[in-house]
Structure formats: C-alpha cells, structure tokens
Amino acid sequence: MKAARSSVVSKKGTPWGTIIAVVAIVALAASVVTYYMIASAPKRDQKTREEAAAAFAPSQQDPDPSKRIAGVTTATYEGSVHVSAAERVAYDKTPPFGGPHDQAWAACNGVVYEKAVRNENMVHGLEHGAVWIAYNPAQISGEALDLLKVRVEGKPYTVMSPYPNLDKPISLQSWGHQLKLDSASDERIDQFIAALRTNPYGAYPERDATCDAQIEPGDFDPTPPGPGAKPMDYKGTAGTQQDQPGAGQPSAPATQPSAPASK
C-alpha cells in the first residue's frame, strides 16, 4: 500500500504550468504598478507643488499675493486696445505683459506651443487672466522643459511657448506682472500661478473671458518692431473688434477649430 501511494504521488508531479502562470501574472501586475508610479510621478509631484503654493491664492484681504514673491515686477497697462493681424506693437518689456495687442488671442487653455508665438496674440491671453510661461529654448530642454510643461498641460488659463533670445532661462507673465527665473524647479513658478491666474481682484482687465481660441496665432517675429510699430500709448486700430467691459470677450474671427492642448 505504501508503495502504491508513493507511486500515485510521484505521478502527480509539480504543477509547473500553474506556477509559471501565477509568476507571470504577478510580474505583469508589478510592471503595471511600476509603470503607473513612474508615469504619474510628475503629476503627483506637481500636485504637491501646487498644494505648497496654495498660500499665495488671492483673497479680499490679500488681493495680489504676488507682492510677496521675490523678483516680481509690475506695470500698469490700459486694456482693450487692439491692433490688426498685420500690425506690430513696440512693447516696452520682453516678453511683453500688457499693452496694445491683436484683436485675436492665442489659445491659453493648457496649451504648450512647440514654436514661438506672436507677441500680440499672447498678450491678449494675459488680458483674459492667463499666465504665460516663456522659456529660452537654448537654455531649457529635457527634464527642465518637462518640469515646465507639467505646470501647463491641461491647466485652464495657462500657456507656454519658447521665446528665442530670452535674457533669462524662464519668464512668467500675467497682465501687468512678470517674474524671470533661472530654474524650472523654482517654487516661485507655482506661487506666481497661484497668485495671478484668473485673479478675481483686479489683476487683469477682462473678467469671464474665454481662453479658447478660434484662430491660429501668428509666428514670433524676432526682428525689431520698426518705425511703423504701434506705441504703448496707442488707442486702437479702426475696424478691430473692441472688448466689452464686464461682458467677457467677443469672438475673434474664426479660421479653424479651437486650438488643441499642444501646438
């Protein structure tokens, strides 16, 4: 009997097929979890940065928290002054962060432009409450570029583009505000965004205006504006659409569907 039992047990053998299948399933699950952790790390890190910057959110008691951010410069500009697509403005700042601008705005709804965009289109987005991250493509690339992108992609009223020959690696703009920085890991980037993006306490002229766009913005022109450029005290070009204070932004001339989340 003992010999018979031993013979039966030996015939059953080790269930290698089952073991291999279980090991494969465990390995696949581990790889999926690992991939998720790696892929989601930038967004999780960004959430942490945004939580840390929440102390710079505006309030009635602190309407412009950017005043507490070292390095922010400010200027006062009149809103709702438009030029045509064929005209340029002799801006007083580089990159500009206020003043006359094109009647059509560049999409600023979480868009990362791969190419430099016309100043006059970008400034209009600032008038709508957007924050524009500009960077010097000769100085920002790789991980630093990805670190900037994660602050913009899919974020409403936020836009990013290269800016050739920028005097600093990074420059942040909102209407009437600018902050130039050396590092994409600088916490002041998130503080600036928290303080000024769609700040409801008078930080930008056009409340309730959309950042969706129905035009393809013009290309960046690196040449000097020239004698025909409109001055900063320009009062607007006849025939251009004028903003309606308190009523949002009128639609720009449509030439194509809304801009995608990356350009």
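Cut-offs used in this document
- Residues numbered from 1 in each chain as written.
- Predicted model: local features only at pLDDT ≥ 70, side-chain atom pairs only at ≥ 80, totals over all residues.
- Heavy atoms only, no water.
- Helix = DSSP H or I, 4+ residues; strand = E, 2+ residues; numbered from the N terminus.
- Buried < 20%, exposed > 50% of the residue type's maximum accessible area, 1.4 Å probe, protein only.
- Lys, Arg positive; Asp, Glu negative; His and termini not counted.
- Salt bridge = Lys/Arg side-chain N within 4 Å of Asp/Glu carboxyl O.
- Contact = heavy atoms within 4.5 Å.
- Phe/Tyr/Trp six-rings, centres within 6.5 Å; stacked < 30°, edge-to-face > 60°.
- Lys NZ or Arg CZ within 6 Å of the ring centre and 35° of its normal.
- Patch = residues over 30% accessible without salt bridge, like charges linked within 9 Å, V, L, I, M, F, W, Y side chains within 5 Å.
- Areas by Shrake-Rupley, 256 points an atom, 1.4 Å probe, with all protein chains shown as cover.
- Charge placed at Lys NZ, Arg CZ, Asp CG, Glu CD.

Student: I tried to follow the side chain of lysine 149 on my own but got confused; where do I start?
Tutor: If you trace the backbone, lysine 149 turns up in helix 4 (residues 142–149). In this structure lysine 149 is buried but unpaired, with glutamate 114 as the nearest side chain of opposite charge at 4.2 Å. In contact with lysine 149, not counting residues within four places along its chain, are Val112, Glu114 and Met160.

Student: Explanation requested: unusual backbone geometry in the structure shown.
Tutor: With glycine set apart, most residues show a phi of negative sign, and most peptide bonds adopt trans. A cis geometry characterises the amide bond from threonine 94 onward to proline 95, with omega recorded as -10°. The residue proline 95 is located in the loop between strand 2 (82–83) and strand 3 (101–102) in this model. One non-glycine residue, threonine 198, lies in the positive phi region at around 45°. Take threonine 198: it is sitting in the segment after helix 5 (188–196). A relative accessible area of 30% places threonine 198 in the partly exposed class.

Student: Is there a simple way to think about the packing of aromatic side chains in this case?
Tutor: Working definition: an aromatic ring pair is given by the centre-to-centre distance plus the angle between the planes. Tallied over the full model, the rule gives 4 aromatic pairs. Clustering of aromatic rings is evident, with ring pairs tying together Tyr77, Phe97 and Trp175. One Lys or Arg, arginine 68, reaches over the ring of phenylalanine 56 and ends 4.5 Å from the middle of that ring.

Student: Can you help me understand a nonpolar patch on the surface in this one?
Tutor: Together, Trp16, Ile19, Ile20 and Val23 make up a nonpolar patch on the protein surface, roughly 430 Å² of accessible area in all. By secondary structure assignment, the location of valine 23 is in helix 2 (residues 16–53).

Student: It is not clear to me how a negative patch on the surface should be interpreted in this structure. Could you clarify?
Tutor: A grouping of Glu114, Glu143, Asp146 and Glu153 is seen on the molecular surface, where their side chains present a negatively charged patch. Along the chain, aspartate 146 turns up in helix 4. The class for aspartate 146 is partly exposed, based on a relative accessible area of 47%.

Geometric values such as these leave the question of function open.
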